Amino acid sequence: MDLDLTLVRAFAVTAETLHFGRAAERLNTSQQALSKRIARLETMLAVRLFERASGIRLTEAGERFLPAAHEALAAGDRAVAAVTGAGPVVRIDTWGHLYAPMRTVAQAVQALGMVRLEPGPGRDWPSVAAALLRGDTDLGFGRVHALPGGLDAGLTQRLVRLEPVDAVVSTSHPLAGADELRPADLRDSTLWCPAELTRLDFLRRFADEFHITRRQDGPNLGLDHLVHHIRTDTACFTLFPADAPLPDHAGLRSIPLVEPTPLYAWSLAWRESYRHPLLDTLLRGFAETGRTRRWLDYTPQRDWLPEADHAKLALRVR
């Protein structure tokens, strides 16, 4: 039996979305044409791949066929790439944009020199998790944390970077003259959060851990707005990755935090049911770059990670 990869792709996308409308949109076709492709594939295989009563779900035969369908599509992509020299595109959604996630992705990809990325902006981790589960993107990159109600079930992750964060204050802040600060030194200051604090898991856990009771949040209006707020409010501070560039240092000081040094955890996330053909290549790029740049250095006596992030240490890229 010769499988038509057009039919296999129709099945795989429908299996990922479990929605004929979204699958048809992704495949740039009509629902009627998509249904005909699925029906032709089911006729060829002499099995039903989907149950269509009260929604859509995979049959047992569909569940068995899905991994092999992904392998067949990946092999087809590799065959085309071998002839044309153009590899498959990796769709990657990032979040935590004030912390410039793409600078880390770019460094890892640059070491490979062969991966074509199609980056997309994610609002936050819950929205990227939903996009991954729908099949609207291939990878997510940012800080991953457990979502309520099992909204991240079916996703997996790998920790790729632990980045120290500094305290950023106005040059008129009472602590602005310090060469370094302990988190406890900030208890009399106000933590400025550039979004609703309920959405900023890392900052909320930092404030709870080090008893920062004065907290202020507001809308995320971009990095310039964040810098302006810190510069003009001499009682405020915020946390910012030590390696991330601030647009304008005038009137600001970025002070290293020690005893302990808080670390921001960056992870790659993807659907358990689908491994992009270039996922292993990307993981290798992150691992090699991480070893060179010491991205995953962690000493419990020196550094601080939120308790919720400790489990990620066992899932570091190797």
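Presented here is a report on the structure given in the accompanying data block. (Residues numbered from 1 in each chain as written. Predicted model: local features only at pLDDT ≥ 70, side-chain atom pairs only at ≥ 80, totals over all residues. Heavy atoms only, no water.)

Points about the pattern of salt bridges
This is how it is decided: Salt bridge, as used here: a side-chain nitrogen of Lys or Arg that lies within 4 Å of a carboxyl oxygen of Asp or Glu. Comment: elements are numbered from the N terminus, with helices defined as DSSP H or I runs of at least four residues and strands as E runs of at least two. Residue exposure (1.4 Å probe, protein chains only): buried if accessible area is under 20% of the type maximum, exposed if over 50%, otherwise partly exposed.
The full count for this structure, using the stated rule, is 21 salt bridges. In this structure, R91 and D138 form a salt bridge, with 3.0 Å as the shortest nitrogen-oxygen distance. Note that R91 is positioned in strand β3 (residues 89-94) and D138 in the loop between α6 (125-134) and β5 (139-142), a separation of 47 residues in sequence. Here R204 ties to D201 by a salt bridge, and the two come within 2.9 Å at their closest N and O atoms. Placement of the pair is R204 and D201 together in helix α7 (residues 201-209), with a separation of three residues, close to one helical turn. Assessed through its relative accessible area of 27%, R204 is described here as partly exposed. Here the salt bridges do not stand alone but share partners, grouping R143, D201, R204, R205, D309 and K312 into one network.

Structural notes on unusual backbone geometry
Between E259 and the following residue, P260, the backbone shows a cis peptide bond with an omega angle of 5°. Note on placement: P260 falls in the loop between β10 (252-256) and β11 (261-271). In this structure, A100 takes a positive phi of about 55° despite not being glycine. Assignment of secondary structure puts A100 in the loop between β3 and α5 (101-110). Under the relative-accessibility criterion, A100 is labelled partly exposed at 25%.

Concerning the nonpolar core
Selection rule: Residues enter a nonpolar core if they are buried and are Ala, Val, Leu, Ile, Met, Phe, Trp, Tyr or Cys, with the set joined through side-chain atoms within 4.5 Å. Contacts are assigned to residue pairs that have any heavy atoms within 4.5 Å of one another.
Within the largest apolar cluster, 61 residues are counted, with the highest numbers of intra-cluster contacts made by L239, L268 and F286. Looking at which element gives the most residues to this core, the answer is strand β6 (residues 155-170), with seven residues. Leave out the neighbours within four places in its chain, and L268 touches I92, L139, G140, F141, T156, Q157, R158, V160, L283 and F286. The next biggest cluster of nonpolar side chains, apart from the first, holds 21 residues, and it includes V13, F20, L34 and I38.

A short note on the environment of R215
Under the convention used in this document: The term polar contact refers here to a pair of N or O atoms within 3.5 Å; inside protein, the definition further demands a hydrogen-donor-capable atom paired with an acceptor-capable atom, and it admits residues adjacent in sequence only when both atoms are side-chain atoms.
On the secondary structure map, R215 appears in strand β8 (residues 215-217). Placed twelve residues apart in sequence, R215 and L203 show a C-alpha to C-alpha distance of 9.8 Å. Dropping the residues within four chain positions of it, R215 is found in contact with T190, L191, L197, A207 and D208. One polar contact links R215 to D208, side chain to side chain, over a distance of 2.7 Å. For R215, the side chain forms a polar contact with the main-chain oxygen of I212, separated by 2.7 Å.

Points about α6
Heads up, the rule is: Think of it as the arc spanned by the lines of direction from the helix axis to the C-beta atoms.
Among all positions of α6, only W125, V128, A129, A131 and L132 are buried. Mapping the buried residues of α6 onto a view down its axis gives an arc of 160°, with all of them on the same face. Phi for G135, located one or two positions after α6, is positive at around 85°.

Side note on the pairing of β6
Where we set the bar: For two strands to pair, DSSP has to find at least two bridges joining them.
β6 sits mainly inside the fold: 13 of its 16 residues count as buried. Both β6 and β11 contribute to a ladder of nine bridges, which runs antiparallel. Bridging from a neighbouring strand, L155 pairs with R271 of β11. Strand direction decides the pairing type here: β6 and strand β9 (residues 236-241), joined by five bridges, are antiparallel. Within β9, the residue paired with V169 across the bridge is F237. Sheet topology places β6 next to β10; five bridges connect them, and they run antiparallel. Bridge pairing in β10 places V168 opposite S254.

Functional significance is not addressed by these values, which are geometric in nature.
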